[in-house]
Amino acid sequence: MLLAGIGIPVLAALNAQLGTRVGSPAAAALILFFVAATAAAVMALVTGGLPALPSARGQPPHLFLAGLLVCFYVLSITWIAPHFGVGNAIFCVLLGQMISAAAIDHFGLFNAAVRALTPLRASGIAAMAAGLLMVRLG
């Protein structure tokens, strides 16, 4: 997960540059998703995951909203990073992730394990937010 986290700002910087070079954040996002879909298809083929695809038909429709959220993230980061800066954009992403993750854990949303937002956890999140802010201002 650390490597995935490292990859998020790299993704933002690369796709922002691609969007600027091709003249369209939406086109850059489309290219990114084509590359990502190709890589996922190869992984499904290699790991034997292709037979699981038909079972997607019976799943609740709201589970597919994750694809829209990924699209929203990629489009927004590709558009905003060249204007706002990759660091500032990722700061906002991290802060949003902390708030969202705390709410998901606290209320057990989406069948997540319930983990109450205790004063200690809230203080930890506040400390992380303050740390992120210090990194951005420093």
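Figured I'd write up the structure that's included with this text. All of these numbers come straight from a predicted model, not from anything done at the bench. (Residues numbered from 1 in each chain as written. Predicted model: local features only at pLDDT ≥ 70, side-chain atom pairs only at ≥ 80, totals over all residues. Heavy atoms only, no water.)

Time to look at the overall build of the protein chain. Broken down by element type, the protein chain carries five helices and zero strands. When the helices and strands of the protein chain are placed in sequence order, the string is α-α-α-α-α. Along the first, second and third principal axes, the C-alpha set of the protein chain runs to 45 × 40 × 25 Å. Among the 138 residues that make up the protein chain, the fraction classed as buried is 14%. (Helix = DSSP H or I, 4+ residues; strand = E, 2+ residues; numbered from the N terminus. Buried < 20%, exposed > 50% of the residue type's maximum accessible area, 1.4 Å probe, protein only.)

Scanning the entire structure with this criterion turns up one salt bridge. Between Asp105 and Arg121 there is a salt bridge, and its shortest N-O distance comes to 3.3 Å. Residue Asp105 is found in helix α4 (residues 86-107), and its partner Arg121 is found in helix α5 (residues 119-137); the two are separated by 16 residues along the sequence. Given the relative accessible area of 22%, Asp105 is considered partly exposed. (Salt bridge = Lys/Arg side-chain N within 4 Å of Asp/Glu carboxyl O.)

In this section: the packing of α4 against α5. Close contact between α4 and α5 brings their axes to 10 Å; oriented N to C, the two are set at 175°. Relative to α5, α4 is oriented roughly antiparallel. From α4, Gly87, Asn88, Phe91, Leu94, Leu95, Met98, Ala102 and Asp105 reach across to α5, where they touch Arg121, Ile125, Met128, Ala129, Leu132, Leu133 and Arg136. For the contact of α4 with α5, a count of residues per class yields 10 nonpolar, two polar and three charged. (Axes fitted to C-alpha atoms, helices over the stretch in contact; angles between N-to-C directions. Parallel < 35°, antiparallel > 145°, perpendicular 65-115°, else oblique. Contact = heavy atoms within 4.5 Å. Nonpolar A, V, L, I, M, F, W, Y, C, P; charged D, E, K, R; others polar.)

Following the sequence through the fold, Asn15 ends up in helix α1 (residues 2-22). Taking C-alpha positions, Asn15 is 25 Å from Leu137, a pair spaced 122 residues apart along the chain. Side chain to side chain, Asn15 and Thr78 meet in a polar contact 2.9 Å long. (Polar contact = N/O pair within 3.5 Å; in protein donor to acceptor, adjacent residues only side chain to side chain.)

The topology assignment puts Thr78 in helix α3 (residues 65-84). What makes Thr78 buried here is its relative accessible area of 2%. Filtering out sequence-adjacent residues up to four positions away, Thr78 remains in contact with Asn15, Ala16, Gly19, Pro25 and Ala28.

Looking now at the packing of α1 against α3. When two helices pack together, their arrangement is captured by the angle between the axes and the distance separating the axes. For the pair α1 and α3, interaxial distance at closest approach is 8 Å and the crossing angle is 70°. Between α1 and α3, the angle falls in the class roughly perpendicular. Residues Ile8, Leu11, Ala12, Asn15, Ala16, Gly19 and Thr20 of α1 pack against Tyr73, Val74, Ile77, Thr78, Ala81 and Pro82 of α3. Grouping the amino acids of the contact of α1 with α3 by side-chain chemistry returns nine nonpolar, four polar and no charged.

Further remarks concern the nonpolar core. Proteins that are soluble and globular tend to have nonpolar side chains buried together. Counting residues in each nonpolar core, the largest one holds five residues, listed as Ala12, Ile77, Ala89, Ile90 and Val93. Per element, the largest residue contribution to this core is three residues, and it comes from α4. With sequence-adjacent residues up to four places away left out, Ala12 is seen in contact with Ile77, Ala81, Val86 and Ile90. (Core = buried A, V, L, I, M, F, W, Y, C linked by side-chain atoms within 4.5 Å.)

For the rest of this paragraph, the subject is α1. Relative to the 30 Å expected for 21 residues at 1.5 Å per residue, α1 spans 30 Å between its end C-alpha atoms, a close match to the ideal helical length. All of the buried residues along α1 are Ala12, Asn15, Ala16 and Gly19. Looking at the buried positions of α1, the neighbouring elements they touch are α2 (25-47), α3 and α4. (Expected span 1.5 Å × (residues − 1).)

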